[in-house]
Amino acid sequence: MLVERLGRPLRFLLTPGQVHDIVAAPLLLEGRKARAVIADTAYDSNALREVIRAMGAEAVIPSHPKRTRPFPLNKRLYKTRNRIERCFNKLKHFRRLATRFDRRAIHFLALLHLAGAMLWMR
C-alpha cells in the first residue's frame with residue numbers, strides 16, 4: 001500500500017503471500033512525485049533507493065544492520081512512518097478485510113479500494 005502524508009491510502013497492490021513487499025514497491029511508486037519516501041528497514045535495497053532517487057525524492061529508509069556503510073537517516077522525518085501503520089489499523093476495522101473473508105483476489109482488492117475510499121471520506 002502507498003499512503004500519502006496524512007495517512008490516507010493512495011494505491012494498493014495485491015501480491016501472493018510468498019512475495020516480499022520490496023518487489024511491489026517500485027510498482028507502487030511508478031509515476032508518483034514526492035519529496036520523500038519513508039519505509040522501514042525491510043525496504044533497504046540499492047535498487048529501490050535508485051528508483052526513489054530517479055523520482056527526485058529523498059529515501060528515508062533505515063539501513064539494514066548488515067550494511068558495511070549505512071546511509072544517513074532523517075530521524076525527524078522517519079517518525080512519521082507510523083502513518084502507514086495507522087492506515088493498516090484503520091483498514092482492519094473493516095472486519096471483512098481483517099479476516100480475509102473474500103478468497104478471490106479480485107473481490108478482496110475491490111473491497112480494499114472501497115475501504116480506502118471510505119477512509120478518504122472521513
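Since the model is a prediction, treat every value here as computed from it, not as a measurement.

Conventions adopted
- Residues numbered from 1 in each chain as written.
- Predicted model: local features only at pLDDT ≥ 70, side-chain atom pairs only at ≥ 80, totals over all residues.
- Heavy atoms only, no water.
- Helix = DSSP H or I, 4+ residues; strand = E, 2+ residues; numbered from the N terminus.
- Buried < 20%, exposed > 50% of the residue type's maximum accessible area, 1.4 Å probe, protein only.
- Contact = heavy atoms within 4.5 Å.
- Polar contact = N/O pair within 3.5 Å; in protein donor to acceptor, adjacent residues only side chain to side chain.
- Arc of directions from axis to C-beta.
- Axes fitted to C-alpha atoms, helices over the stretch in contact; angles between N-to-C directions.
- Parallel < 35°, antiparallel > 145°, perpendicular 65-115°, else oblique.
- Nonpolar A, V, L, I, M, F, W, Y, C, P; charged D, E, K, R; others polar.

Trainee: If you had to explain the overall build of the protein chain to someone new, which residues and values would you point to?
Mentor: Along the protein chain, the regular secondary structure elements total six helices and four strands. Starting at the N terminus, the α and β elements of the protein chain follow one another as β-β-α-β-α-β-α-α-α-α. Within the protein chain, buried positions represent 31% of all 122 residues. Long-range contacts, defined here as pairs at least 24 residues apart, represent 36% of the contacts in the protein chain between residues at least 6 apart.

Trainee: So what about the environment of Arg-86? Which residues, and what values?
Mentor: You can see Arg-86 is positioned in helix α4 (residues 82-92). Relative accessible area serves as the criterion here: at 44%, Arg-86 is assigned to the partly exposed category. Spatially, the C-alpha atoms of Arg-86 and Leu-114 are 18 Å apart, while their sequence positions differ by 28 residues.

Trainee: Explain the side chain of Asp-44 to me, and be specific about the residues and the numbers.
Mentor: For Asp-44, the location among the structural elements is in the loop between β3 (36-38) and α2 (46-55). Residue Asp-44 is classed as buried on the basis of its relative accessible area, which comes to 12%. A polar contact of 3.0 Å, which involves the side chain of Asp-44, links it to the side chain of Arg-49. Leaving out residues up to four positions away in the same chain, Asp-44 has contacts with Ile-22, Arg-49, Ile-61, Pro-62, Ser-63, His-64, Arg-67 and Phe-71.

Trainee: Got a sec to walk through α2? Specific residues and values, please.
Mentor: For an α-helix, 3.6 residues make a turn, and residues three or four places apart therefore share a direction. Along α2, the positions that sit buried rather than exposed are Leu-48, Arg-49, Ile-52 and Met-55. An end-on view of α2 places all buried positions within 115 degrees of arc, on one side of the element. When the buried face of α2 is taken as reference, the exposed residues oriented beyond 90 degrees from it are Ala-47 and Ala-54.

Trainee: Would you mind going over the packing of helix α1 (residues 21-29) against α2 in detail, with residue names and values included?
Mentor: Running from N to C, α1 and α2 point in directions that differ by 10 degrees, and their axes come no closer than 10 Å. Judged on the interaxial angle alone, α2 and α1 are roughly parallel. Along the contact surface, α1 presents Ile-22, Ala-25, Pro-26 and Leu-29, while α2 presents Leu-48, Val-51, Ile-52 and Met-55. Partitioning the contact of α1 with α2 into residue classes produces eight nonpolar, no polar and no charged.

Honestly, it's all geometry; don't read function into it.
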